[in-house]
Amino acid sequence: MDIEWKELDLHDSDSLLNEALHLYDESFPEEVRESHDLFRRSLTLSSSENVYHFLVGLENGKVISMATAHYFARANFGYIVYLAAHPEKRGIGLGKKTIEEMRRRLQLDAKASGYPSLSAVVLETEKETTAHDEEEYAINLKRLKFFESLGFQIAEVEYVQPPLFHGQIPVPLYLQMNILDETASLTPEDTIEVLYKEKYNKVNQISSKELELCLQP
């Protein structure tokens, strides 16, 4: 498979951005989707302290995969927010290739920030124990195994995703961490603190008070 990797920004054509967002809409249920405006806001807020990546994989000029991620320079780790592959291209390793390409770019961010290596890459995944039926259970378990095969392990910490919309309640999820530098002192608790502050507070504009409630047992 010959894939062309491209980082989208605000100067890209609306057609390419809309194609990527259509794949995103088709890949995630509405209750876990952030608004399209938030993708654009993330692009405008991208800086040396919080680098935002909107990566797409292209085949013959068409979007076949997408992923978004943040690199937090002060804590030196990457956070993959979304990953999706075109339905007709699933099961052939495209998701793995997209993760590996994003991880490579996050490594470059770390080097540009003066670190010898990226400390870790983290992501959120649904718990198989919260599935509503056997089919959902199998899907969640398959997703966990997929990320485990790429080096991501479930952190031993209670974690909830803050509410993405007004009126939502926090969602219990797994925090999975791919530790790349064993000498780094990054803990799951430190990771959550950075995610809440740099992503959910500054980008999603969730209040500090609401985030503090998410930390309570």
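A brief look at the structure comes next. Residue positions within a chain follow its written sequence, with the count starting from 1. At least 70 in pLDDT is required for a residue's local features to be given in this predicted model, at least 80 for side-chain atom pairs to be given and counted, and no such filter applies to totals for whole chains, interfaces and linings, which use all residues. As a convention, hydrogens and water are excluded, and side-chain values are obtained from all of the structure's heavy atoms.

### Here's the deal with empty space enclosed by the protein
Then, number 1: Method remark: on a 1 Å grid restricted to protein atoms, a set of points is classed as a cavity if a 1.4 Å probe fits but cannot get out and as a pocket if it is open with protein on both sides within 12 Å along at least five of seven lines; lining residues have an atom within 4 Å of a point. Grid points are joined across faces, edges and corners, and a volume is the space filled by probe spheres set on the points. The final tally for this structure, using the stated rule, is one cavity of 30 Å³ or more.
Then, number 2: Approximately 40 Å³ is the volume attributed to the largest cavity.
Then, number 3: Along its surface, the largest cavity is lined by E34, L38, F39, S42, Y52, T68, H70, V81, Y82 and K199.
Then, number 4: Looking at the lining of the largest cavity, the elements that each hand over two or more residues are α2 (36-45), β3 (62-72) and β4 (77-85).
Then, number 5: In DSSP terms, a helix is any run of H or I states spanning at least four residues, a strand is any run of E spanning at least two, and both are numbered starting from the N terminus. Looking at the lining of the largest cavity, the element that brings in the most residues is α2, giving three residues.
Then, number 6: Under the convention adopted here, Pro, Cys and the residues Ala, Val, Leu, Ile, Met, Phe, Trp and Tyr are nonpolar, Asp, Glu, Lys and Arg are charged, and Gly plus all remaining residues are polar. Class assignment for the residues of the lining of the largest cavity results in five nonpolar, three polar and two charged.

### A look at the environment of F152
Then, number 1: Looking at the secondary structure, you find F152 in the loop between α4 (134-149) and β6 (153-154).
Then, number 2: With 24 residues separating them along the chain, F152 and Q176 place their C-alpha atoms 5.5 Å apart.
Then, number 3: In contact with F152, other than residues within four places in its own chain, are I99, R103, V121, V122, L123, F147, Q176, M177 and N178. Contacts are assigned to residue pairs that have any heavy atoms within 4.5 Å of one another.

### Things to note about the nonpolar core
Then, number 1: Working definition of a nonpolar core: buried Ala, Val, Leu, Ile, Met, Phe, Trp, Tyr and Cys residues. They are joined through side-chain atoms within 4.5 Å. Exposed residues in this analysis have more than 50% of their type's maximum accessible area, buried residues have under 20%, and partly exposed residues fall in between, with area computed by a 1.4 Å probe over protein chains only. In this structure, F54, M66 and F77 are the most contacted members of the largest nonpolar core, which totals 40 residues.
Then, number 2: Sort the elements by how many residues they give to this core and helix α1 (residues 14-27) lands first, with six residues.
Then, number 3: With residues up to four places along the chain from it excluded, the contact list for F54 reads K6, E7, L8, L17, A20, L21, F39, L43, M66, A67 and T68.
Then, number 4: Ranked by size, the runner-up nonpolar core spans 17 residues in total, among them Y71, I99, L106 and L118.

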